Amino acid sequence: MSDASQGLRLYNTLTRTKEDFVPIDPRNVRMYVCGPTVYDFAHIGNARPVIVFDVLFRLLRHLHGETHVTYVRNITDVDDKINARALRDFGGEIASGALSLNEAIRRVTEKTADQFHRDVATLGCLEPTVEPRATEFVEPRADGKADMITLIQSLIGRGHAYVAAGEVLFDTASMPDYGQLSKRNLDEQQAGARIAVDAHKKNPGDFVLWKLSSPEEPGWRSPWGRGRPGWHIECSAMSAAYLGEVFDIHGGGLDLIFPHHENEIAQSRCAHGTSVMANVWMHNGFLQVEGQKMSKSLGNFYSIHELLETDTFGGRKWPGDVLRLAMLMTHYREPIDFSVRKLEEAENTLRKWKRAADLAPAAGSQLPVEVVEALSDDLATYAAFQQLTQLAGEASDFDGNGDNAAAVALKTALTFLGFDIGATKVDETVVAKAIAERLTLIAAKNWAEADRVRDELLAQGVQLKDGKDPVTGERVTTWEIKR
Ligand code: AMP
Ligand code: ZN
């Protein structure tokens, strides 16, 4: 694989422009996305970054090779909202001594994380490569991976953090270019801050790295007393632990630009002495429901689980792939209005695509190049879907001679995009191994053995097609499933 951009262009919030994406190491493309805080069911707005960055993960794997992409999405399992939920749900057991607060917290976070995993799997999302939990990265680790306490110590040691009133605070004034991502300068932040509340801070924009816990609150031992981390430091620790001090892509929803991502950048850059934390910062737009901001008080707040399993939205349940398509019909940076009409539109489109894709016995190995090109233009999913609709038309008009190539291409693209079309499952690694073995045999002019490998695959329903790479002229073998 070459180290060029592979044609991928991504909009970078840091520069406010669409740029060629050139990975630092094309053999290990590294992406971090802020994951859920696990105290309650994930809502349909939370599903947006999960689905959007799943598409990017799939595209990166296609462009750079499946084993050449590391996608880290954390689980935030330390947060005051989680403590409150544990006290609400297990207050009795805690009071009677049947459960400790920590045990109650673990019950809340495990149950919520399990539900989240089921929800996003139903939405067709692949598991990230690693899914670290914040609580496992608070204290120095036996494996030597980055942790929050050590990071905070480095920030203090380098003069970027100070202790005041039982807190460790990041000193924003110590970083001359603080605010690059959100394009806020320190004066603007000071003007808006509530000075009286923050009397112990040197600057109103200074933020918490560590705070003390009362005996009833969860806490870890630290050089600054028993306490717990601020929100932002966890992502600086977990990204460094798995992706290093500088990596390729960092993502999340638009609301995270400030303060969360700005502060992650400040912590990571100042702790490591680097000029960037991640090269590309990507943010998905917000989701509204039926034209209004989603909120519990307006009664238009829907969890993914409710949409999938109950009749609360439009009086019926919605399949995961319909929710997925509806989410991707709008470009990821635009605001999206989630409505019954939109879901119905997605359902109709999906029905047409599936009907046409069913004309092919199974997916092939070659993704339509137009689909890759559309996605490579800052994830222009809508343009990719236009291609699918065109393929569906061609597949349905098929005259019955030869292969219905459009149907195969459509099925391949739908599978790639994470839509469940009940395709025949093939172990791709086994096929790839057999293809490589056959190419070696051909190179050695061992035709009989090479044919045997080909026929064995065919007996399993996998048909090989030989061709030439138009650029290198090398022999390439693709495959598809035969009935
Ligand atoms: P949270 O658990 O609130 O930190 O959110 C988890 C992820 O969901 C973050 O990337 C948020 O930016 C994103 N998110 C939260 N609400 C919405 C929404 N209404 N629309 C789109 N993304 C959202
Ligand atoms: Zn984060």
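Quick caveat, the model's predicted, so the values are computed rather than measured.

A few words on the pattern of salt bridges. A full pass over the atoms with the stated rule returns 28 salt bridges. Between Asp377 and Lys18 there is a salt bridge, and its shortest N-O distance comes to 2.6 Å. Of this pair, Asp377 sits in the loop between helix H11 (369-376) and helix H12 (381-396) while Lys18 sits in strand E2 (residues 17-20), and the two are 359 residues apart along the sequence. For Asp377, a relative accessible area of 36% puts it in the partly exposed group. Here Glu110 and Arg133 are joined by a salt bridge, their closest N and O atoms 3.9 Å apart. Residue Glu110 is located in helix H3 (residues 101-122), and its partner Arg133 is located in the loop between H3 and helix H4 (148-157); the two are separated by 23 residues in the primary sequence. What makes Arg133 buried here is its relative accessible area of 18%.

Taken domain by domain, the chain comprises domain 1 (3-284), domain 2 (314-416) and domain 3 (428-481). Summarising the inter-unit geometry, the C-alpha centres of domain 2 and domain 3 are found 29 Å apart. Contacts between the two partners involve eight residues from domain 2 and, on the opposite side, five residues from domain 3. Sorting the residues of domain 2 by area buried against domain 3 places Ala362, Ser365 and Asp403 first, and these three jointly supply 54% of that buried surface. The shortest N-O distance in the salt bridge between Asp403 and Lys465 comes to 3.4 Å. Where domain 2 meets domain 3, there are one residue pair in polar contact (both at pLDDT 80 or more). Across the side of domain 2 that touches domain 3, the residue classes break down as four nonpolar, three polar and one charged.

With that settled, consider the sheet that holds strand E9 (residues 247-253). The sheet built from four strands is open, its strands ordered E4-E3-E9-E10 with parallel pairing. Either end of the sheet is taken by a strand with one partner, and the two such strands are strand E4 (69-73) and strand E10 (278-284). Within the sheet, the average angular offset between the axes of one strand and its neighbour, ignoring direction, is 20°. Its contacts with the sheet put helix H1 (residues 44-64) on strand E3 (29-33), E4, E9 and E10, and the angle it makes with E3 is roughly 175°.

Conventions used here
Counting restarts for each chain, with residues numbered from 1 along the sequence as it is written. Chains and ligands are labelled by the order in which they are written, letters from A for the one and numbers from 1 for the other. Since the coordinates come from a predicted model, pLDDT governs what is reported: local features require at least 70, and pairs of side-chain atoms require 80 or more to be given and counted, while whole-chain, interface and lining totals use all residues. Side-chain measures were taken over the full set of non-hydrogen atoms in the model, leaving aside hydrogen atoms and water. A carboxyl oxygen of Asp or Glu within 4 Å of a side-chain nitrogen of Lys or Arg is what we treat as a salt bridge. To qualify as a helix, a DSSP run of H or I must reach at least 4 residues; to qualify as a strand, a run of E must reach at least 2; elements of each kind are numbered from the N terminus. Exposure is judged per residue with a 1.4 Å probe applied to protein chains only, and the accessible area is read against the type maximum: over 50% gives exposed, under 20% gives buried, and values in between give partly exposed. Source of the domain bounds: an automatic or database domain assignment. It only takes one pair of heavy atoms within 4.5 Å for two residues to be counted as in contact. Once two parts are joined, some of their accessible surface, as seen by a 1.4 Å probe, is lost; buried area is that loss totalled over both. Here a polar contact means two N or O atoms within 3.5 Å. Within protein one must be a hydrogen donor candidate and the other an acceptor candidate, and residues neighboring in sequence count only if both atoms are side-chain atoms. The residue classification treats Ala, Val, Leu, Ile, Met, Phe, Trp, Tyr, Cys and Pro as nonpolar and Asp, Glu, Lys and Arg as charged. All others, Gly included, are polar. One bridge is not enough; two strands pair if DSSP finds at least two bridges between them. Only C-alpha atoms enter the line fits that serve as axes; for helices the fit covers just the stretch in contact. Angles between N-to-C directions range over 0 to 180 degrees.

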